Amino acid sequence: MSVNSIIPYGHQVIDENDIAAVVSVLRSDWLTTGPKIGEFEEAVCHFTGAAFGVALSSGTAALHAAMFAVGIGPGDEVIVPAITFVATANCVVYQGATPVFADVLPDTLLIDPDDVRRKITSRTKAVIAVDYGGQPCDYDQLQEISNKHDLRLVSDSCHALGAEYNGRKTGTIVDLTVFSFHPVKHITTGEGGMVVTDDPELAEKMRRFRNHGINTDHRCREMLATFHYDMEELGYNYRISDIQCALGISQLNKLASWLERRRQIAGLYDSLFAGSEDIMPLRQIAGNQHAFHLYVVRLADKIDRDQVFQIMRQNNIGVNVHYQPVYLHSFYSRRGYEAGQCPAAEEVYDHILSLPEFVGLSDRQVKQVAVSLNEAVRQAG
Ligand SMILES: *Cc1c(COP(=O)(O)O)cnc(C)c1O
């Protein structure tokens, strides 16, 4: 890895097969809107068990497409967890609707179904559940709530490609599931994302949405020997290229072994922190398969997390904090979101730390991180 002695918190793996796959597209006729898009969509569907995949230019574009597909618009409210990447809430704002923040469970940082119930109003149209860190949410409860109140349930599984909930892979649990292929995620296309669904109509809507709202694409018109197309509704250019999809297809071949390695690393951290009263890994829910995009610990209240962060960074260990409650960002403050609305999220935010977790991390490095963290915690206690 060409990052000197710094251990980052995440890092991609690119091998010669990946490079050859990309080069072969560069030598072909189709750099974008070509055959690799559909091939990648099918490969992700094959992996997850979903029926349809729509690949887009980013996970964020995929979330936006999902909101469009379920008809979110001005006046609607969509419930999202307080602790997530900002894109989960922003996609609601893109559609002119209002994100409403639900609190998280302090030991898993997953959306709290009881708080979802409390946040439902007559305007609520959907819930976006985030599989924080790679662990699936409580979908039995979330689906029950959604059915009862006629809400659409969307899963932001950007952390959780390959995770399983009660034996079902992410992608087959709810109507719409979103993945990201940013380089820190499980597999990468550089930038990229996908929505998977079993609903052909939703898939078709999202295909139009990624292409300006136009009903056919360039290759399709070429095959039909026609110049005519119709823009049926307002969409965007959210297309992904064949160059990126070729990389995605090649990466996906390695996903199963990469998931195994991520779980091994997490298991090693768990054993190294077992019994510690100062360093507490988030709770893993029995019966589910965690995908470990992140490995997150909670530090004891008496420990100054920010000081631990500084010490670790000085030691060239790329720890991180995922995430500040979204509504505390200045954009949302200016829109009137106030502190205090999700107390568990605000409380836990001061104490969490994400440790390096990626496929190229060696056992020796995991132990080095643990030794370093124990020492930092002693200093900052
Ligand atoms: C990465 C991520 C996104 C956005 O994905 P991009 O591909 O970076 O646009 C959305 N939600 C969550 C939870 C993420 O981690």
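Along each chain, residues carry numbers from 1 onward, in the same order as the chain's sequence is written. The predicted nature of this model means local features are confined to residues of pLDDT at least 70 and side-chain atom pairs, given and counted, to a pLDDT of 80 or more, with totals for whole chains, interfaces and linings taken over all residues. Only hydrogens and water are set aside; all other atoms, that is, all heavy atoms of the structure, feed into the side-chain values.

Engineer: Help me get a handle on the overall build of the protein, residues and values and all.
Structural biologist: Per the secondary structure count, the protein includes 14 helices and 12 strands. The size measure is the radius of gyration over C-alpha atoms, and the globule rule it meets is 2.2 Å times the number of residues to the 0.38 power. The C-alpha atoms of the protein give a radius of gyration of 21 Å, which matches the 21 Å a tight globule of 381 residues would have. Taken along the three principal axes of its C-alpha coordinates, the protein extends 70 × 55 × 40 Å. In this scheme, a residue with accessible area under 20% of its type's maximum is buried, one over 50% is exposed, and one in between is partly exposed, where area comes from a 1.4 Å probe on protein chains only. A total of 381 residues make up the protein; the buried ones form 55% of that total. Of all intrachain contacts in the protein linking residues separated by at least 6 positions in sequence, the fraction that spans at least 24 positions is 71%. A 1.4 Å probe and the Shrake-Rupley method give the accessible areas. Residues count as covered only by the protein chains that appear here. A total accessible area of about 16,200 Å² is found for the protein, and carbon and sulfur atoms account for 49% of it. A gap of 2 Å separates the mean positions of the 33 positive and 47 negative side-chain charges of the protein. Helix and strand labels come from DSSP, where a helix needs a run of H or I of at least four residues and a strand needs a run of E of at least two; each type is numbered from the N terminus. Should any heavy atoms of two residues lie within 4.5 Å, those residues are considered in contact. Only four residue types enter the tally: Lys and Arg on the positive side, Asp and Glu on the negative side, with His and both chain ends excluded. A charged residue contributes its charge at one atom only: NZ of Lys, CZ of Arg, CG of Asp or CD of Glu.

Engineer: Help me get a handle on the sheet that holds strand E10 (residues 279–281), residues and values and all.
Structural biologist: Any two strands with at least two DSSP bridges between them are considered paired. The three strands are arranged E10-E11-E12 in an open sheet whose pairing can be described as antiparallel. If you trace the sheet from one side to the other, it starts and ends with E10 and strand E12 (352–355), each paired once. The sheet shows a mean angle of 35 degrees between the axes of neighbouring strands, taken without regard to direction. In the sheet, strand E11 (residues 295–299) pairs with E12 via four bridges, with the strands oriented antiparallel. Under this scheme, a helix contributes an axis fitted over its contacting stretch, all axes are lines through C-alpha atoms, and angles between N-to-C directions fall in the 0 to 180 degree range.

Engineer: An account of the pairing of strand E2 (residues 77–81) is needed here, citing residue identities and associated values.
Structural biologist: Most of E2 is tucked away: five of the five residues are buried. What you see with E2 is no split at all: Glu77, Ile79 and Pro81 on one side and Val78 and Val80 on the other are buried throughout. Strand direction decides the pairing type here: E2 and strand E3 (residues 98–102), joined by five bridges, are parallel. By the bridge assignment, Val80 is partnered in E3 with Phe101. Sheet analysis places E2 next to strand E4 (residues 124–130), joined by three bridges and oriented parallel. Bridging from a neighbouring strand, Val78 pairs with Ala126 of E4.

Engineer: I'd love a proper account of the domain arrangement of the protein, names of residues and values included.
Structural biologist: Boundary definitions for the domains trace back to an automatic or database domain assignment. Its domain assignment divides the protein into domain 1 (16–252) and domain 2 (255–380). Summarising the inter-unit geometry, the C-alpha centres of domain 1 and domain 2 are found 26 Å apart. On the side of domain 2, 36 residues touch domain 1, which itself brings 40 residues to the contact. Buried area between domain 1 and domain 2, summed over both chains or domains, comes out near 3,200 Å², and the portion from carbon and sulfur atoms is 61%. Each of two parts loses accessible area, computed with a 1.4 Å probe, when they are put together; buried area is these two losses added. Area buried by domain 1 at its contact with domain 2 is led by Phe101, Gln135 and His186, which between them contribute 18% of it.

Engineer: Quick rundown of empty space enclosed by the protein? Include the residues and the values.
Structural biologist: Residues are called lining when one of their atoms sits within 4 Å of a cavity or pocket point, these points coming from a 1 Å grid over the protein atoms alone, where a cavity is a set in which a 1.4 Å probe fits but cannot get out and a pocket is an open set with protein on both sides within 12 Å along at least five of seven lines. Grid points are joined across faces, edges and corners, and a volume is the space filled by probe spheres set on the points. Here the structure, examined in full by the defined rule, presents two cavities of 30 Å³ or more. Here the largest cavity defines a volume of roughly 110 Å³. Along its surface, the largest cavity is lined by 13 residues, and Leu282, His290, Phe292, Leu294 and Val296 are the ones closest to its centre. For the lining of the largest cavity, the class distribution of residues is seven nonpolar, five polar and one charged. Among the domains, domain 1 (16–252) and domain 2 (255–380) are the pair contributing at least three residues each to the lining of the largest cavity. Taken together, 14 residues line the second largest cavity, and the ones lying closest to its centre are His11, Gln12, Lys185, His186 and Arg262. Asp, Glu, Lys and Arg are counted as charged, while Ala, Val, Leu, Ile, Met, Phe, Trp, Tyr, Cys and Pro are counted as nonpolar; the rest, among them Gly, fall into the polar class. Tallied by class, residues from the lining of the second largest cavity come to seven nonpolar, five polar and two charged. Both domain 1 (16–252) and domain 2 (255–380) contribute no fewer than three residues apiece to the lining of the second largest cavity.

Engineer: So what's going on with the environment of Phe309? Which residues, and what values?
Structural biologist: As for its position among the elements, Phe309 is in helix H11 (residues 305–314). Judged by relative accessible area, which is 18%, Phe309 ranks as buried. In contact with Phe309, other than residues within four places in its own chain, are Val319, Asn320 and Leu353.

Engineer: How would you summarise the packing of helix H10 (residues 255–273) against helix H14 (residues 363–379) if you had to cite specific residues and measurements?
Structural biologist: For the pair H10 and H14, the least separation of the axes is 10 Å and the interaxial angle reads 35 degrees. The two elements H10 and H14 meet at a crossing, and its hand is right-handed. In contact with Arg261, Ile265, Leu268, Tyr269, Leu272 and Phe273 of H10, H14 contributes Asp363, Val366, Lys367, Val369, Ala370 and Leu373. The residue inventory of the contact of H10 with H14, partitioned by class, reads nine nonpolar, no polar and three charged. Crossing handedness is defined as follows: a turn of the near helix away from the far one that is anticlockwise and smaller than a right angle gives a left-handed crossing, while the clockwise case is right-handed.

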